[in-house]
Amino acid sequence: MVPFFLPAPTNILDIDMTVPNASIVIIGRPNVGKSTLINRILKQNKSITFDEPGVTRDILEYPIKWKKHAFRLIDTGGVFFEKSRDIAFQTDIEKLVDTVLENASQIVLLTDGRHGLHPIDASIANRLRPHRKKVCVAVNKIDGPEHIPASAEFYQLGFGTPFPISATHGAGLDTLLAHCVQHFQPVDPRLETDTTPVKIGIVGRPNVGKSSLINALLNQDRVIVSNQAGTTRDAVEIAFNYLQTPYTLIDTAGLKKAGKTGNGVEFYSAVRSKKTIETADICIVVLDASDLLRDQDKKILDLVLSTPNRLVVFVNKFDKVVETGGSKPMIQKRLIDELPLLEHYPIIVGSAVDKDHITRMIDQVNQIISRRNDRIPTAELNQFINDVIRRFPPPSRGNRPIRVYYGTQVDTAPPEFVLFVNNPELVYGDYIRHFEKRLRAKFPQFFGTPIRVKFKDHKKRDAQT
């Protein structure tokens, strides 16, 4: 089923990655407390904190406002800038970090006051020399006044007076941030907007191409791509604008079968992925055309369909099956045959590698979001209800006919419709599903959005009013 509002595909995505412009990059060797510092500044647990080197692999970016300044707070992966067998994807991590450092407004080299100056701190400092004018040193784990003298040895790094802080307790952070933003332009209150970005969750099992899809969409190598399952661990948030709508794109760790995540980093990654599904405004579930619809795919789709989330299905890697006779309509039909509910949601078949149908996918997301507050006028809804009841009357139970008095739309997130009847217990589930199908056919603007239809006792309604 193709929605009536699906636009023709365009060749160039009008993605705006420039808001806000200013950025503060947190860099340092593994386990000095970068993620703890990020969480403290954000006042919420965004980055995974775990006692294992290389937990943060991608560049994690968070738009933030501190006092009068808006900027992006950027969490880099744990870096060595020298070869180490302890860190997976080290070369990929550091390539991304180099790009971020070049574009940063301010760089905070985070060190560990408890363990003192480390040779890797000096190695990172040498890598930062070309950016020295925008670098400052923060010495973490200074948890009391008696520990402040421990920060003195970090003068040796050559970036001026170190800032003693405690990411765990928050001490010294105001002084550090005030230094970082001193040359940032304050936000003009007249230009501020209360528009909350739309959250797009990218979900799916491991190795279906979620990170490749994000890089293709943004037209840059923004997240690490590898054939090794479990490359993405944290929920990577990326802010951008598309057609004047602010979005936050969330790349999640691949959801494995229950019992295969263990108790370590993969467990916390799975928790973050499931939380993204629950809290996102719309989910893009990514499938693999060359290995279509495993049991885990079905479980993920069922999980998304059980939430109030809007949904777009993107079947990736079509480039791998087109030569073997696979077709896009064939793939779409198979999905709907096995999961009939998908008839009411967009199924886009394409390829992140070839950037095939990437534009159509994000256009579809934008169209669904643009209709998220749609309401059917009560008069128009009741005219539709009367027509459905006249043409397809609900089956009676014995001698007790069902009478529908009127209906109304009571919510938009998701759209919820309440029909007041003489006895709700007389309405079977099959008829509710039939009514929803008729409703969707009449009002196709709800394509891609879950719908809730409820039948209630009109006497209770009258008593409440």
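Computed from a predicted model, the values in this text were never measured in an experiment.

A. The overall build of the protein chain, seen in detail. The number of helices and strands found in the protein chain is twelve helices and 16 strands. The burial tally for the protein chain puts 52% of its 465 residues in the buried class. Residue pairs in contact within the protein chain that sit at least 24 positions apart in sequence constitute 72% of those at least 6 positions apart.

B. Local environment of the confidence of the model for the protein chain. Across the protein chain, the average pLDDT comes to 81, with 78% of residues at 70 or higher. Below a pLDDT of 50 lies the segment residues 1-12, which in the model reaches 23 contacts outside its immediate sequence neighbourhood of four places, other chains included. Under a pLDDT of 50 for its full length, residues 259-269 has, in the predicted model, 18 contacts with residues more than four places off or in other chains.

C. Quick look at the sheet that holds strand S16 (residues 452-457). An order of S14-S15-S16 is seen for the three strands of this open sheet, with the pairing classed as mixed. Each having just a single partner strand, strand S14 (404-412) and S16 make up the two edges of the open sheet. Put simply, the sheet's adjacent strands are angled 25° from each other on average, direction ignored. As defined by bridge partners, strand S15 (residues 415-421) adjoins S16 across six bridges and the pair is classed as parallel. By the bridge assignment for S16, Val418 is matched with Lys454. In the packing of helix H10 (residues 378-391) onto the sheet, the strands contacted are S14 and S15, and the crossing angle to S14 comes to about 130°. Here helix H11 (residues 429-442) sits on the sheet in contact with S15 and S16, set at roughly 125° to S16.

D. Fine view of the packing of aromatic side chains. Tallied over the entire structure, the rule returns seven aromatic pairs. Measuring from ring centre to ring centre gives 5.6 Å for Phe384 and Phe443, while their planes differ by 75°; the resulting arrangement is edge-to-face. With Phe384 in helix H10 and Phe443 in the loop between H11 and S16, this residue pair connects regions lying 59 residues apart in the sequence. Given a relative accessible area of 7%, Phe384 falls into the buried group. Between the aromatic rings of Phe417 and Phe446, the centroid separation amounts to 5.8 Å while the plane-to-plane angle is 75°, which identifies the pairing as edge-to-face. Here Phe446 lies in the loop between H11 and S16 and Phe417 lies in strand S15, a separation of 29 residues in the sequence. With relative accessibility at 1%, the residue Phe417 sits in the buried group. Within the aromatic cluster, the residues linked to one another by ring pairs are Phe384, Phe435, Phe443 and Phe455.

E. Molecular detail of the side chain of Asn140. Here Asn140 lies in strand S6 (residues 135-140). Assessed through its relative accessible area of 3%, Asn140 is described here as buried. In terms of polar contacts, Asn140 uses its side chain to reach the backbone amide nitrogen of Ala167, at 2.9 Å. Ignoring sequence-local partners within four residues, the contact set of Asn140 consists of Val32, Gly33, Leu110, Thr111, Asp112, Gly113, Arg114, Ile165, Ser166 and Ala167.

F. Looking closely at helix H9 (residues 358-370). A rise of 1.5 Å per residue sets the reference length of H9, with its 13 residues, at 18 Å; its end C-alpha atoms lie 18 Å apart and thus fit the reference within 8%. Of all 13 residues in H9, eleven are buried, a share of seventy percent or more. Where H9 is concerned, the buried positions are Ile358, Thr359, Arg360, Met361, Ile362, Asp363, Gln364, Val365, Asn366, Ile368 and Ile369.

G. The pattern of salt bridges, seen in detail. Tallied over the full model, the rule gives 18 salt bridges. One salt bridge in this structure joins Asp337 and Lys333, with 2.8 Å as the shortest N-O distance. With Asp337 and Lys333 both in helix H8 (residues 328-338) and four residues apart, the pair spans about one turn of that helix. Like Lys333, Asp337 is exposed. The shortest N-O distance in the salt bridge between Arg390 and Asp387 comes to 2.5 Å. With Arg390 and Asp387 both in helix H10, this residue pair falls three residues apart, about one helical turn. Judged by its relative accessible area of 27%, Asp387 is partly exposed. If you follow the salt bridges from partner to partner, you end up with Arg205, Asp291, Arg294 and Asp297 in one network.

H. Layout of the packing of helix H5 (residues 210-218) against H9. At a closest axis distance of 10 Å, the pairing of H5 and H9 adopts a crossing angle of 85°. Between H5 and H9, the crossing angle belongs to the class labelled roughly perpendicular. Listed contacts from H9 to Leu213, Ala216 and Leu217 of H5 are Ile358, Met361 and Ile362. Among the residues forming the contact of H5 with H9, the class breakdown is six nonpolar, no polar and no charged.

I. Fine view of the sheet that holds strand S7 (residues 163-164). In space, the six strands of this open sheet follow the order S3-S4-S2-S5-S6-S7, with mixed pairing throughout. Two strands in the sheet have a free side with no partner beyond their single neighbour: strand S3 (60-66) and S7. In this sheet, strand S4 (residues 69-75) lies alongside strand S2 (residues 23-27) in parallel orientation, the contact comprising four bridges. What sits directly across from Ile26, in S4, is Asp75.

J. A look at the nonpolar core. One finds Ile24, Phe71, Leu73, Ile200, Leu249, Ile284 and Val365 to be the most contacted residues of the largest nonpolar core, which totals 55 residues. Looking at this core, the element that brings in the most residues is H9, giving six residues.

K. Layout of the packing of H10 against H11. Following both chains from N to C, one finds H10 and H11 inclined at 125°, their axes separated by 11 Å at the closest point. Compared by their axis directions, H10 and H11 come out oblique. Crossing angle aside, the handedness with which H10 passes H11 is right-handed. Seen from H10, the contacting residues are Leu381, Phe384, Ile385, Val388 and Ile389; seen from H11, they are Tyr431, Phe435, Arg438, Leu439 and Lys442.

Thresholds applied
- Residues numbered from 1 in each chain as written.
- Predicted model: local features only at pLDDT ≥ 70, side-chain atom pairs only at ≥ 80, totals over all residues.
- Heavy atoms only, no water.
- Helix = DSSP H or I, 4+ residues; strand = E, 2+ residues; numbered from the N terminus.
- Buried < 20%, exposed > 50% of the residue type's maximum accessible area, 1.4 Å probe, protein only.
- Contact = heavy atoms within 4.5 Å.
- pLDDT = per-residue confidence, 0-100.
- Pairing = 2+ DSSP bridges.
- Axes fitted to C-alpha atoms, helices over the stretch in contact; angles between N-to-C directions.
- Phe/Tyr/Trp six-rings, centres within 6.5 Å; stacked < 30°, edge-to-face > 60°.
- Polar contact = N/O pair within 3.5 Å; in protein donor to acceptor, adjacent residues only side chain to side chain.
- Expected span 1.5 Å × (residues − 1).
- Salt bridge = Lys/Arg side-chain N within 4 Å of Asp/Glu carboxyl O.
- Parallel < 35°, antiparallel > 145°, perpendicular 65-115°, else oblique.
- Nonpolar A, V, L, I, M, F, W, Y, C, P; charged D, E, K, R; others polar.
- Core = buried A, V, L, I, M, F, W, Y, C linked by side-chain atoms within 4.5 Å.
- Left-handed = near helix turned anticlockwise from the far one by under 90°.

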